[in-house]
Amino acid sequence: MHLFKNSNLMNSFIRDPSAVIGAVLMILFLFCAVFAPMLAPMDPYDLKNIDLSNFLFSPAWMDAGNLHFPLGTDDQGRGILSNILYGLRTSLLVGFSAVAVSSTIGIVMGMLAGYYGGILDALVMRVADTVFSFSTTLLAILLLGVFESRNIWTVVFAICIAGWVKYARTIRGSVLEVKENAYITAAKASGAKDFRILFKHILPNAMPPIMVLMAVDLAVVIMLEATLSFLGVGVPITEPSLGMMIAIGKNYIYAGMWWMVAFPGLTLILLVVAINLFSDWFRDEMNPRLARRN
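How each quantity is defined
Residues numbered from 1 in each chain as written. Predicted model: local features only at pLDDT ≥ 70, side-chain atom pairs only at ≥ 80, totals over all residues. Heavy atoms only, no water. Helix = DSSP H or I, 4+ residues; strand = E, 2+ residues; numbered from the N terminus. Contact = heavy atoms within 4.5 Å. Phe/Tyr/Trp six-rings, centres within 6.5 Å; stacked < 30°, edge-to-face > 60°. Buried < 20%, exposed > 50% of the residue type's maximum accessible area, 1.4 Å probe, protein only. Lys NZ or Arg CZ within 6 Å of the ring centre and 35° of its normal. Arc of directions from axis to C-beta. 1 Å grid on protein atoms, 1.4 Å probe; cavity = no way out; pocket = protein on both sides within 12 Å on 5 of 7 lines; lining within 4 Å. Points joined across faces, edges and corners; volume = space filled by probe spheres on them. Nonpolar A, V, L, I, M, F, W, Y, C, P; charged D, E, K, R; others polar. Core = buried A, V, L, I, M, F, W, Y, C linked by side-chain atoms within 4.5 Å.

1. What to know about the side chain of T154
Here is step 1 of the chain: With respect to the helices and strands, the residue T154 is situated in helix 8 (residues 152–178).
Here is step 2 of the chain: Not counting residues up to four positions away in its chain, the partners in contact with T154 are L144, F147 and S149.

2. Some details on the packing of aromatic side chains
Here is step 1 of the chain: In the structure shown here, the tally under the stated rule is 10 aromatic pairs.
Here is step 2 of the chain: Measuring from centroid to centroid gives 6.4 Å for W281 and F282, while their planes differ by 45 degrees, and the two rings are tilted. Here the two residues W281 and F282 agree in accessibility, since each one is buried.
Here is step 3 of the chain: The ring centre of F132 lies 4.7 Å from the NZ or CZ of R169, which sits over that ring.

3. A look at helix 7 (residues 136–144)
Here is step 1 of the chain: Of the residues making up helix 7, those classed as buried are L139, A140 and L144. The buried residues of helix 7 occupy an angular sector of 130 degrees when projected down its axis, which confines them to one face.
Here is step 2 of the chain: Structurally, helix 7 contributes buried residues whose contacts are with helix 6 (118–132), helix 8 and helix 10 (194–230).

4. Regarding empty space enclosed by the protein
Here is step 1 of the chain: Per the counting criterion, the structure on display carries 1 cavity of 30 Å³ or more.
Here is step 2 of the chain: Computed from the structure, the largest cavity encloses a volume of approximately 90 Å³.
Here is step 3 of the chain: Lining of the largest cavity is provided by Y45, D74, R78, I80, N83, I237, S241, M244, M245, I248, G249 and M260.
Here is step 4 of the chain: Of all the secondary structure elements, the ones that give two or more residues to the lining of the largest cavity are helix 5 (80–116) and helix 11 (242–249).
Here is step 5 of the chain: For the lining of the largest cavity, the class distribution of residues is 7 nonpolar, 3 polar and 2 charged.

5. Notes on the environment of A206
Here is step 1 of the chain: Assignment of secondary structure puts A206 in helix 10.
Here is step 2 of the chain: Sequence spacing of A206 and T170 is 36 residues, and the spatial spacing of their C-alpha atoms is 9.1 Å.
Here is step 3 of the chain: If near-sequence neighbours (up to four positions away) are discounted, A206 is found in contact with I171 and S174.

6. Quick look at the nonpolar core
Soluble globular proteins: nonpolar side chains tend toward being buried together.
Here is step 1 of the chain: Counting residues in hydrophobic clusters, the biggest one holds 64 residues, and the most contacted among them are I80, I159, I202 and I222.
Here is step 2 of the chain: Listed by contribution, the elements that provide at least two residues to this core are helix 3 (17–34), helix 5, helix 7, helix 8, helix 9 (182–189), helix 10, helix 11 and helix 12 (259–286).
Here is step 3 of the chain: Tallying contributions element by element places helix 10 first for this core, with 15 residues.
Here is step 4 of the chain: Setting aside residues no more than four positions away along its own chain, I159 makes contact with V94, A98, V221, L224 and L228.

If you want it as structure tokens, here you go:
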């Protein structure tokens, strides 16, 4: 721990205000998502808690008698604050799950293609090129249209099928460069198995660009989930979602119920900006050219 506190990485992080702000916001949002059942005034998706007499209450500072719903309520009488806290859980769960699964698939496929080359490389790259030729959002919508019923995991699956390509292409390029180094040749000469060479020697040295891509892709996936839910093809209406909250709220915004869109929209913006602030700093730190310049 002492070495970490005095490392160049930590010193660089502390000297970058935007990275610190991004990290603090990310930790705050993650805390709110994990402890949503304890922090939220109500469980907005428990039917026993829904009271239609609370229909479209204004935020507390606009209605002094509405202290139980500080950010107002939606068209079902659910508290906007509770909806946001539970919606954060969905956004972060989909984001982290999709990035973890798609990066794993892409890393394995890209490493095998780059290391063995030949027909396997050509096949993987042609499949990747085919998937990459489609818009990620359009491909996810097409895949979700196949399922008779949707849930969080079908959304994760659709995003992974559309998102593994970038990881495969990135890791393949790194493998093609790393596998020509002398220590890889020495490992082969010593009789090391391909599995050991791939995961002990090549993967650790090819991971920096993948780690940067994962950090950046987290914000992209969260926005994609919100977009799919906004369009009505993401998580089902029985699940909390920031995108769905915005979609429902837009029907009431011209009637003056601006809080139904403003608060979930602001939360989504702050979450994505926080991730981007941190990932920008992380990308610069993982870039060896910038590191040498500094």
